[in-house]
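Survey of secondary and tertiary structure
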Amino acid sequence: MRSELGTLSLNLVRGAFMELYLTPKPGLVDLIDSGSHRDLSLQRMETSLKIVSNYLAEVAESLARGEELSAQVRLGVEAETAMLQTAGTNCHKGYIFLSGLLLAARAQVAHRDEGELGLAVARLAQRFFDHAQPEATNGSRIRHNSEAQGVRGEALAGLPSLFGAALPAFRHELAGGGNRGTAVYAMLGRLMATVEDTTALHRCGKEGLATVREDGRKLELLVLQRGDFIGFLAERNEAYISRNLTMGGVADLLALAFAWLAHTGELQLAAS
Ligand SMILES: CC(C)(COP(=O)(O)OP(=O)(O)OC[C@H]1O[C@@H](n2cnc3c(N)ncnc32)[C@H](O[C@H]2O[C@H](COP(=O)(O)OP(=O)(O)OP(=O)(O)O)[C@@H](O)[C@H]2O)[C@@H]1O)C(O)C(=O)NCCC(=O)NCCS
Ligand SMILES: Nc1ncnc2[nH]cnc12
């Protein structure tokens, strides 16, 4: 029988595919177009996900052997390099980090308790950043020039966008009579409305992030009112492309949410 960590690593891959194929998503690569990413395509992202898949399987094995965090970090750095060399892109850079962290956190807690997991993520992130060498990344430039913390803040706070925003939005929509279709878009809306996305900031500054957040709130309202939220997202995709706006952080956190919901069984339809 597959171990809990092995199963979670497979669900983390599944979550990233579900995010990729969710259509439409403003500014992001989906089944219709590559949004504001001229250097990306669906095929490239699928190639990149093969690397992510190998990486997560290796992280699960490393954790099962009881290796230290430094071993998993090394695997993350190697996966980033392989992604650049093989797929010619950094499209899953954030996800390599976040998914590895969640897997490592799961190895530290006895049960699937989300509060405990968030605390374990925060502890591991603290250890990681205590030893990380400063890098000249888009995220570090934003952190230097503003108060936004991006993926670093998200990890250090124990993934509040996952446990405190996306998952409650999904569950609230289902509990209120919605279905998995509407619940997924309620989750996307919540993430757009709340994530401090350094990709949006890097591409279009504060106005860009404000647009993503406002659109997230509108999406949430449309889902609630059963309006044409698919039409709205398709229209916003055109607007984002015209501004070169995107939301890579939202994409990574959505993938993580899909992965966790697949892992808990909440994406499965009840047997009749
Ligand atoms: C700690 C690292 C992840 C480095 O982080 P840092 O912030 O310093 O570096 P960035 O290069 O900016 O990458 C961070 C990526 O995180 C995503 N992200 C952004 N905001 C958030 C957020 N609030 N919450 C969560 N995640 C967030 C985002 O990734 C997505 O967008 C990508 C495209 O972004 P960008 O590179 O800026 O792309 P372009 O606009 O196309 O750029 P240009 O071509 O114009 O330059 C896409 O990849 C999405 O995934 C940010 O990009 C770290 O890299 C690290 O130390 N990793 C190694 C160790 C490791 O992973 N170990 C395993 C853990 S156990
Ligand atoms: N669908 C997507 N489009 C662009 N960048 C991404 N990073 C993660 N998922 C993405």
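Structure: above.
All values reported here derive from a predicted model rather than from experimental measurement.

What follows covers helix α1 (residues 4-21). With 18 residues, α1 extends 26 Å between its outermost C-alpha atoms, agreeing within 8% with the 26 Å of an ideal straight helix rising 1.5 Å per residue. Residues of α1 that are buried include every one of Leu5, Leu8, Ser9, Asn11, Leu12, Val13, Gly15, Ala16, Glu19 and Leu20, and no others. Tucked inside the fold, the buried residues of α1 contact α2 (42-64), α4 (93-106) and α12 (248-264).

The next point concerns the site of ligand 1. Close to ligand 1 lie 38 residues; Gly76, Gly94, Gly139, Gly248 and Gly249 are nearest. Broken down by secondary-structure element, the contributors of at least two residues to the shell around ligand 1 are α3 (69-87), α4, α6 (138-145), α7 (150-156), α10 (198-225) and α12. Counting residues per element, the shell around ligand 1 draws most heavily on α4, at eight residues. For the shell around ligand 1, the per-class residue count stands at 13 nonpolar, 16 polar and nine charged.

The next point concerns the packing of helix α8 (residues 160-175) against helix α9 (residues 180-194). Put simply, α8 and α9 touch, their axes get as near as 8 Å, and they point 145° apart. Between α8 and α9 lies a crossing whose hand is right-handed. In this structure, α8 uses Ser161, Ala165, Ala166, Ala169, Phe170, Glu173 and Leu174 to contact α9, whose residues at the interface are Thr182, Ala183, Ala186, Met187, Arg190, Leu191 and Thr194. Of the residues assigned to the contact of α8 with α9, the class counts are nine nonpolar, three polar and two charged.

The next subject is the nonpolar core. Among the nonpolar cores identified, the biggest contains 82 residues, and Met187, Leu254 and Ala257 are the most heavily contacted of them. Looking at which element gives the most residues to this core, the answer is α12, with twelve residues. Apart from the residues lying within four places of it in its own chain, the contact partners of Ala257 are Leu162, Ala166, Leu167, Phe170 and Met187.

Thresholds applied
Residues numbered from 1 in each chain as written. Chains lettered and ligands numbered in written order. Predicted model: local features only at pLDDT ≥ 70, side-chain atom pairs only at ≥ 80, totals over all residues. Helix = DSSP H or I, 4+ residues; strand = E, 2+ residues; numbered from the N terminus. Expected span 1.5 Å × (residues − 1). Buried ≥ 20, exposed ≤ 12 C-beta atoms within 10 Å, placed from the backbone. Contact = placed C-beta atoms within 7 Å. Near = placed C-beta within 6 Å. Nonpolar A, V, L, I, M, F, W, Y, C, P; charged D, E, K, R; others polar. Axes fitted to C-alpha atoms, helices over the stretch in contact; angles between N-to-C directions. Left-handed = near helix turned anticlockwise from the far one by under 90°. Core = buried A, V, L, I, M, F, W, Y, C linked by C-beta atoms within 7 Å.

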